Amino acid sequence: YDGAMGPERWGDEFPTCGKGKSQSPVNITGPFEKAHFGVAPDYKPGQLKIINNGHTIQVNVPPGSKLRIDSKPFELVHFNFHRPSEHLIDGKAAAMAVHFVHKNDAGRTAVLAVILKEGNVNPGIDKLWAYAPQSEGPEIEPEGVVFNPGNLLPREYEFYSYEGSLTTPPCTEGVRFFILKSEVNIARGQIERFPFKMNARPLQPQNGRAIAG
């Protein structure tokens with residue numbers, strides 16, 4: 001996220017990052033369109049598989065966890081963390097965010113973003129950080145350790161939504177983003193234990209895209 005491999009250079013190697021018109025993240029601000037459907041996460045406990053891939057901490061999820069968007073199922077593939085939150089809400093960034101990345105049978109991608117605000121200790125984060133590698137390396141699969149991604153979700157699923165992209169190269173477009181309005185706590189000490197001081201892509205132009213909210 002800095003130096004020769006910083007976001008301003010991504011377009012050199014991955015043209016969509018530089019030339020795409022529907023890039024993420026954006027500043028979430030009104031006026032909003034009305035959303036005419038809901039989202040319903042249905043995440044299951046499974047064997048923990050966690051990796052430091054050099055730009056984030058990512059948890060790879062075994063099959064079986066789903067997000068229903070307008071009653072249509074999307075399979076949860078993995079989730080990862082950003083510091084600060086990448087998306088801004090009315091111009092303000094939060095401490096961190098977790099992005100749950102899903103795919104459906106047609107290959108469409110949907111990302112459910114949960115904003116992590118500085119506050120109380122988050123027990124789910126504590127469990128993940130106990131196994132999260134501090135430096136880049138292979139996936140770790142601690143024997144007998146089970147994790148439910150649902151432990152990182154708020155109770156309410158009202159959302160902002162828009163058509164965007166992956167926030168890391170190759171910045172593929174056609175990704176539907178759902179940013180939950182309800183935030184989840186993360187403690188200052190937990191933020192400091194995250195091995196990346198900053199791994200958030202700068203804001204991208206909205207280019208007239210509608211935001212539902």
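Placed above this text is the structure.
As a starting point, this report considers the structure included with it. Worth saying up front: this structure is predicted, and the values here are computed from it rather than measured. (Residues numbered from 1 in each chain as written. Predicted model: local features only at pLDDT ≥ 70, side-chain atom pairs only at ≥ 80, totals over all residues. Heavy atoms only, no water.)

1. A few points about the overall build of the chain
Scanning the chain from terminus to terminus reveals four helices and 14 strands. Summarising its shape, the C-alpha atoms of the chain cover approximately 45 × 45 × 35 Å along the three principal directions. Taken over 213 residues, the chain has a buried fraction of 45%. The long-range share in the chain, meaning contacts at least 24 apart out of those at least 6 apart in sequence, stands at 69%. Separation of charge centres in the chain, based on 23 positive and 23 negative side chains, amounts to 3 Å. (Helix = DSSP H or I, 4+ residues; strand = E, 2+ residues; numbered from the N terminus. Buried < 20%, exposed > 50% of the residue type's maximum accessible area, 1.4 Å probe, protein only. Contact = heavy atoms within 4.5 Å. Lys, Arg positive; Asp, Glu negative; His and termini not counted. Charge placed at Lys NZ, Arg CZ, Asp CG, Glu CD.)

2. Some thoughts on the state of the cysteines
Tallied over the full model, the rule gives one disulfide. A sulfur-sulfur distance of 2.1 Å marks the disulfide that ties C17 to C171. Residues C17 and C171 are joined through a disulfide that is right-handed, its torsion about the S-S bond being 95 degrees. Of the two residues, C17 is situated in helix α2 (residues 15-19) and C171 in the loop between β12 (159-165) and β13 (173-180); the sequence distance between them amounts to 154 residues. Across the pair, C171 and C17 agree in class, each one buried. (Disulfide = S-S within 2.5 Å.)

3. Describing the side chain of H99
Here H99 shows up in strand β9 (residues 96-103). Contact partners of H99, with chain neighbours within four places excluded, come to H78, F79, N80, H82, S85, E86, H87, V111, L112, A113, T167 and F177.

4. Topic: the packing of aromatic side chains
Applying the stated rule across the entire model yields 14 aromatic pairs. Seen in terms of ring centroids, Y43 and F100 are 5.4 Å apart; in terms of plane orientation they differ by 35 degrees. Their pairing is tilted. Here F100 lies in strand β9 and Y43 lies in the loop between β2 (39-42) and β3 (46-47), a separation of 57 residues in the sequence. With respect to class, Y43 is no different from F100; both count as buried. A connected cluster of aromatic rings, assembled from ring pairs, spans Y43, F79, F81, F100, W129, F147, F194 and F196. Stacked on the ring of Y160, the Lys or Arg K181 has its end atom at 5.0 Å from the ring centre. (Phe/Tyr/Trp six-rings, centres within 6.5 Å; stacked < 30°, edge-to-face > 60°. Lys NZ or Arg CZ within 6 Å of the ring centre and 35° of its normal.)

5. Thoughts on the nonpolar core
Grouped together as the largest cluster of nonpolar side chains are 36 residues, with contacts concentrated most on F79, F81, F100 and L128. The set of elements that each furnish at least two residues to this core consists of β5 (57-60), β6 (66-69), β7 (72-82), β9, β10 (109-118), α3 (123-129), β13 and β14 (184-186). Contact partners of F100, with chain neighbours within four places excluded, come to Y43, L76, H78, F79, A110, V111, L112, V114, P149, L152 and L153. The next biggest cluster of nonpolar side chains, apart from the first, holds 13 residues, and it includes V101, I115, Y162 and I211. (Core = buried A, V, L, I, M, F, W, Y, C linked by side-chain atoms within 4.5 Å.)

6. Regarding the pairing of β13
As paired strands, β10 and β13 are joined by five bridges and run parallel to one another. Bridge pairing in β13 places T109 opposite V175. Examined bridge by bridge, β12 and β13 share seven bridges and lie antiparallel to one another. When the bridges of β13 are listed, Y160 appears paired with I179. (Pairing = 2+ DSSP bridges.)

7. Regarding the pairing of β7
It is a general feature of regular strands that their side chains alternate between the two faces of the sheet. Across three bridges, β5 lies against β7 in antiparallel orientation. Paired with Q58 across the strands is N80, a residue of β7. When β6 meets β7, the two strands line up antiparallel, connected through four bridges. Pairing of I69 across the sheet is with K72, part of β7.

8. Side note on unusual backbone geometry
Each neighbour pair has its own omega, and for S24 with P25 the value is 5 degrees, a cis peptide bond. With respect to the secondary-structure elements, P25 resides in the loop between α2 and β1 (27-28). The amide bond that connects P169 to the next residue, P170, takes the cis arrangement and shows omega of 10 degrees. Inspection of the secondary structure assignment puts P170 in the loop between β12 and β13. With phi around 55 degrees, D70 is a residue other than glycine that occupies positive phi space. Following the sequence through the fold, D70 ends up in the loop between β6 and β7. Phi angles above zero are rare outside glycine, and D90 is one such case at about 50 degrees. Mapped onto the fold, D90 is located in the loop between β8 (88-89) and β9.

Without other data, these values stay purely geometric and don't point to any function.
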